[in-house]
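Observations on the model geometry
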Amino acid sequence: MSKQRITTALVILTAAAPLFFGLNFLLNPHGAPDGFGIEPWPQGNAQGYFVVKGVRDLAVGATALILLALGQRRALGWVILVDATVPLGDALAVVTHGGTLTTALTVHVSAACVVLLTAGMLLAEGRTRMAHSPAGQTLSA
């Protein structure tokens, strides 16, 4: 399997995970928070938090898939690099709001590592293409 195919598979994983989590928070607001790492507030208007998290995750995943479908791999690399702030922020939220460090590390920091790996591979792929372009020509990645 080529390095580009592995990178593409990682992009699909990186996009599919937040799509799944987003839909889970929107469609299963009572069960989805259990895996996040913070005890949810099951009363009042606080369930609006689940809608916010669900929509955020859907937007993150959809953005990556759109850029992949358009063949904008270099831009995708930069977007996925920025997207790494999401699981890192989630890990910070877990450890500062009553969750365990174990959950923060195993769920959120591990996800951030996969996202950062994917971004790095995409960005390196773009540099490789530009380095192999004929003299005087630029290739878009």
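Residues numbered from 1 in each chain as written. Predicted model: local features only at pLDDT ≥ 70, side-chain atom pairs only at ≥ 80, totals over all residues. Heavy atoms only, no water.

Further remarks concern the packing of helix 1 (residues 3-27) against helix 3 (residues 73-83). Their axes nearest at 12 Å, the elements helix 1 and helix 3 cross at an angle of 45°. Of the possible angle classes, the one that applies to helix 1 and helix 3 is oblique. The chirality of how helix 1 crosses helix 3 is left-handed. Note on element contacts: helix 3 touches helix 1 through R73, L76 and I80, opposite Q4, T7, T8, V11 and T14. Here the residues of the contact of helix 1 with helix 3 sort into 3 nonpolar, 4 polar and 1 charged. (Axes fitted to C-alpha atoms, helices over the stretch in contact; angles between N-to-C directions. Helix = DSSP H or I, 4+ residues; strand = E, 2+ residues; numbered from the N terminus. Parallel < 35°, antiparallel > 145°, perpendicular 65-115°, else oblique. Left-handed = near helix turned anticlockwise from the far one by under 90°. Contact = heavy atoms within 4.5 Å. Nonpolar A, V, L, I, M, F, W, Y, C, P; charged D, E, K, R; others polar.)

What follows covers the nonpolar core. A general feature of soluble globular proteins is that nonpolar side chains tend to end up buried together. V11, A15, A64, L67, L68, L76, I80, A84, V115, A119 and L122 together form the largest nonpolar core, which totals 11 residues. Elements represented by at least two residues in this core include exactly helix 1, helix 2 (48-69), helix 3 and helix 5 (101-131). By size, the runner-up hydrophobic cluster in this structure holds 7 residues, among which are A32, F36, F50 and A104. (Core = buried A, V, L, I, M, F, W, Y, C linked by side-chain atoms within 4.5 Å. Buried < 20%, exposed > 50% of the residue type's maximum accessible area, 1.4 Å probe, protein only.)

Residues of the protein with pLDDT of at least 70 account for 83%, and the chain-wide mean is 85. Helix 5 is the least confidently modelled element of the protein, averaging 89 in pLDDT, while helix 3 averages 96, the highest of any element. (pLDDT = per-residue confidence, 0-100.)

This brings us to the side chain of T14. Considering the arrangement of structural elements, one finds T14 in helix 1. Within polar-contact distance, the side chain of T14 engages the side chain of T118 at 3.3 Å. Look past the residues within four positions of T14 in its chain and what remains in contact with it is I80, V114, V115 and T118. (Polar contact = N/O pair within 3.5 Å; in protein donor to acceptor, adjacent residues only side chain to side chain.)

Among the secondary structure elements, D90 is positioned in helix 4 (residues 85-96). Note on D90: relative accessible area 10%, which makes it buried. Residues D90 and V107, spaced 17 residues apart in sequence, show a C-alpha to C-alpha distance of 9.3 Å. Beyond its immediate stretch of four places on either side in the chain, D90 contacts F36, R56 and H108.

For helix 2, built from 22 residues, the straight-helix expectation of 32 Å at 1.5 Å per residue is met to within 8% by its first-to-last C-alpha distance of 31 Å. The complete set of buried residues in helix 2 reads F50, K53, G54, D57, V60, G61, A64, L67 and L68. In this structure, the buried residues of helix 2 make contact with helix 1, helix 3 and helix 4. Looking one or two places after helix 2, you find G71, whose phi comes out positive at around 75°. (Expected span 1.5 Å × (residues − 1).)

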